[in-house]
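For reference, the chains in residue letters:
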Amino acid sequence: MSSDDNIVFYAEAGGTLRGRVRVPGDKSISHRSIMFGALADGVTEVSGFLEGEDCLATIGAFRAMGVRIDGPDHGRVTVHGVGLHGLREPSGPLYMGNSGTSMRLLAGLLAGQAFDVVMTGDASLTRRPMKRVADPLRKMGALIETSPSGTPPLRITGKQNLQGLVYAMPMASAQVKSSLLLAGLYAQGQTCVTEPAPTRDHTERMLAGFGYAVEREGCTVCVEGGGHLHAANIDVPADISSAAFFMVGAAIAPGSDLTLEHVGVNPTRIGVVNILKAMGADITLGNERRVGGEPVADIRVRASSRLRGIRIPQDQVPLAIDEFPALFIAAACAEGETVLTGAEELRVKESDRIHVMADGLLALGIDAKPTPDGMVIHGGALQGGRINSHGDHRIAMAFAMAALRAGGPVMIEDCANVRTSFPDFLSLARAAGLQVKQVS
Ligand code: S3P
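Note that this is a predicted model, so its numbers are computed, not measured. (Residues numbered from 1 in each chain as written. Predicted model: local features only at pLDDT ≥ 70, side-chain atom pairs only at ≥ 80, totals over all residues. Heavy atoms only, no water.)

K.L.:
Is there a simple way to think about the overall build of the protein chain in this case?
P.N.:
Check the secondary structure of the protein chain and you find 13 helices and 23 strands. Taking 440 residues into account, the globule formula puts the C-alpha radius of gyration at 22 Å, and the protein chain, at 21 Å, falls close to it. If you line up the protein chain on its principal axes, its C-alpha atoms span 60 × 45 × 45 Å. A burial count over the protein chain gives 60% of its 440 residues as buried. For the protein chain, long-range pairs separated by at least 24 residues make up 75% of all intrachain contacts whose partners lie at least 6 apart in sequence. Within the structure as shown, the protein chain displays about 15,400 Å² of accessible surface, and the carbon and sulfur contribution to it stands at 49%. Of the charged side chains in the protein chain, 41 are positive and 46 negative, and the gap between their average positions amounts to 2 Å. (Helix = DSSP H or I, 4+ residues; strand = E, 2+ residues; numbered from the N terminus. Rg over C-alpha atoms; globule rule 2.2 N^0.38 Å. Buried < 20%, exposed > 50% of the residue type's maximum accessible area, 1.4 Å probe, protein only. Contact = heavy atoms within 4.5 Å. Areas by Shrake-Rupley, 256 points an atom, 1.4 Å probe, with all protein chains shown as cover. Lys, Arg positive; Asp, Glu negative; His and termini not counted. Charge placed at Lys NZ, Arg CZ, Asp CG, Glu CD.)

K.L.:
Please explain the packing of aromatic side chains as it appears in this structure.
P.N.:
Where two aromatic rings form a pair, the distance of their centres and the angle of their planes describe that pair. Applying the stated rule across the entire model yields six aromatic pairs. Ring geometry for Phe-9 and Phe-425: centres 6.4 Å apart, planes at 15 degrees, overall stacked. Of the two residues, Phe-9 is situated in strand β1 (residues 9–11) and Phe-425 in helix α13 (residues 425–432); the sequence distance between them amounts to 416 residues. Each ring, one from Phe-324 and one from Phe-328, has its centre 6.0 Å from the other, and the planes form 40 degrees; the classification is tilted. With Phe-324 and Phe-328 both in helix α9 (residues 324–332) and four residues apart, this pair spans about one turn of that helix. (Phe/Tyr/Trp six-rings, centres within 6.5 Å; stacked < 30°, edge-to-face > 60°.)

K.L.:
Sorry if this is basic, but what is going on with the pairing of strand β5 (residues 76–80) here?
P.N.:
Every regular strand shows the same layout, with side chains that alternate between the two sheet faces. Counting buried residues along β5, four of its five residues qualify, which places the element largely inside the surrounding structure. In terms of strand pairing, strand β3 (residues 43–47) meets β5 through four bridges, oriented antiparallel. Pairing of Val-46 across the sheet is with Val-77, part of β5. Both strand β4 (residues 68–73) and β5 contribute to a ladder of four bridges, which runs antiparallel. Its bridge partner lying in β5, Asp-73 is registered against Arg-76. Between the antiparallel neighbours β4 and β5 lie two residues, among them His-74 with a positive phi of about 50 degrees. (Pairing = 2+ DSSP bridges.)

K.L.:
I keep staring at the site of the ligand and nothing clicks. Help me out?
P.N.:
What surrounds the ligand is the set Ser-28, Arg-32, Thr-101, Arg-104, Ser-173, Ala-174, Gln-175, Arg-200, Ile-321, Asp-322 and Lys-349. Within the side chain of Ser-173, an N or O atom sits 2.7 Å from an oxygen atom of the ligand. Gln-175 is positioned with one of its backbone polar atoms (N or O) 2.8 Å from an oxygen atom of the ligand. Relative to its free-state accessible area of 390 Å², the ligand is covered by the protein chains to the extent of 95%. Listed by contribution, the elements that provide at least two residues to the shell around the ligand are α1 (27–39), α3 (100–111) and α5 (174–184). Tallied by class, residues from the shell around the ligand come to two nonpolar, four polar and five charged. Inspection of the shell around the ligand shows a minimum of three residues originating in each of domain 1 (3–25 + 237–438) and domain 2 (27–235). (Near = heavy atom within 4 Å. Polar contact = N/O pair within 3.5 Å; in protein donor to acceptor, adjacent residues only side chain to side chain. Nonpolar A, V, L, I, M, F, W, Y, C, P; charged D, E, K, R; others polar. Domains from an automatic or database assignment.)

K.L.:
Explanation requested: the sheet that holds strand β10 (residues 166–168) in the structure shown.
P.N.:
Backbone hydrogen bonds are what pair the strands of a sheet, in a parallel or an antiparallel way. Read from one edge to the other, the open sheet built from four strands follows the order β10-β11-β13-β12, with strand pairing classed as mixed. The open sheet has two edge strands with one neighbour each: β10 and β12 (215–217). Averaged over all neighbouring strand pairs, the angle between strand axes comes to 15 degrees, with direction disregarded. Of the strand pairs in this sheet, β12 and strand β13 (residues 220–224) are connected by three bridges, and their pairing is antiparallel. Looking at β13, one finds that Glu-215 is bridged to Cys-222. (Axes fitted to C-alpha atoms, helices over the stretch in contact; angles between N-to-C directions.)

K.L.:
When you look at the packing of helix α7 (residues 240–252) against helix α11 (residues 393–402) in this model, what are you seeing that I'm missing?
P.N.:
For any two helices packed against each other, one specifies the crossing angle of their axes together with the interaxial distance. Running from N to C, α7 and α11 point in directions that differ by 20 degrees, and their axes come no closer than 9 Å. Relative to α11, the element α7 is oriented roughly parallel. As for the relative orientation of α7 and α11, their crossing is right-handed in sense. Contacts from Ser-241, Phe-245, Phe-246, Gly-249 and Ile-252 of α7 reach α11 at Arg-394, Met-397, Ala-398, Met-401 and Ala-402. When its residues are assigned to classes, the contact of α7 with α11 shows seven nonpolar, two polar and one charged. (Parallel < 35°, antiparallel > 145°, perpendicular 65-115°, else oblique. Left-handed = near helix turned anticlockwise from the far one by under 90°.)

K.L.:
Looking at this structure, I do not really get the domain arrangement of the protein chain. What am I missing?
P.N.:
Many structure descriptions define interface size as the accessible area lost when the parts assemble. Split by domain assignment, the protein chain resolves into domain 1 (3–25 + 237–438) and domain 2 (27–235). A C-alpha centroid distance of 28 Å is found between domain 1 and domain 2. Counting from both sides, the interface comprises 29 residues of domain 1 and, opposite them, 26 residues of domain 2. Across the interface of domain 1 and domain 2, roughly 2,300 Å² is buried in total on both sides, 45% from carbon and sulfur atoms. Area buried by domain 1 at its contact with domain 2 is led by Arg-269, Glu-350 and Thr-420, which between them contribute 22% of it. Joining domain 1 to domain 2, the criterion identifies three salt bridges. In this structure, Arg-132 and Glu-345 form a salt bridge, with 2.8 Å as the shortest nitrogen-oxygen distance. (Buried area = accessible area lost by both parts, 1.4 Å probe. Salt bridge = Lys/Arg side-chain N within 4 Å of Asp/Glu carboxyl O.)

K.L.:
When you look at the side chain of Asn-98 in this model, what are you seeing that I'm missing?
P.N.:
With respect to the secondary-structure elements, Asn-98 resides in the loop between β6 (94–95) and α3. Its relative accessible area of 3% is what places Asn-98 among the buried residues. For Asn-98, the side chain forms a polar contact with the side chain of Asp-122, separated by 2.9 Å. Setting aside residues up to four positions removed in sequence, Asn-98 forms contacts with Asp-54, Asp-122, Ser-124, Leu-125, Arg-128, Glu-350, Asn-417 and Thr-420.

Here it is, written out as structure tokens:
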């Protein structure tokens, strides 16, 4: 489904979130389970896989390259690995839909293949910057073309001899890091990537889980080309980025007491918990355990008497990069001013999240000032109103939760892309207590 289908969400004002919810599987880990499973020797069994359109695009791409993948069926996927050199040339372009993760990670992986390939995407993905992967991949010897403005489609010419690279990333991006590490599997010598601040490390963890040597020291991670991946089973935890909407909902709606089960709490993803706690939210992690190399916990959120605005610590920004749409709703409900800086990456997500969120908050009566790299939000009384998500799944879900504290219903336009990351959002949100439905 593309964002051309104007699906509208209608959320009634008020309500509380209560009970226990298990949100769908982690998107980042689901993508990687297919990629590494496909490149491994042997059969990888995945459970808890996110059956959202983004991850289905990754499955489609590997099927098009000759990999047998059974499922998904209730989160179960079986990937029949073909080994690092077993992919076959697809018969046409690979369509990545809305998924930046698929396109950027595959750019690295495909740069090392013996065949040519073209990757395309939907209107949103076609606007997103790809030079951030194309430039360093070219330094490794890849032949890769973008549009003149550095956006998709990507045309990759195979049969290049990739060389290892030592690269300091100019931005904190797990997608760029992962893309280069995937190319590094095919390169001669070592590929080392240094990040300006820690970003999600699922690639490093999963490579190690598949028996591939990964060296990590401080903010640098290195792999050596020419190894093998060995199939390993993967239990995908619930996605903290999807849980974030419910966390914010429970924190802002008086009387709420909600437990989110089996959520991935990898330290590189936990910014939303740290930021909400700093704002005064009542959040506890229980039943902490490890599942397939990733830390997992149940997260209990009880409505706080009052959230307060804060200056968001810069070191938390990459650790919460996908959660700012939800966090801006928390800031709108907090007492005082919340200031976000150092988050210019938000401008190149599925939408310009600074611009689109500020517009939406203003439409609901909140004083929100966009800045080049963040936003200043004065908490206040949310009103009902109509907002446009601009086809951005996370913005749609964040504004649905805002209705819990709004003075009237909230209508959200252009919500089709919620299916990219959270296909059963409406039914889970309703089960927890948000009165939300699709009206067209
Ligand atoms: C992701 C990395 C992040 C994040 C995206 C998923 C990943 O993107 O926003 O949703 O799975 O590696 P950047 O690397 O562009 O920050």
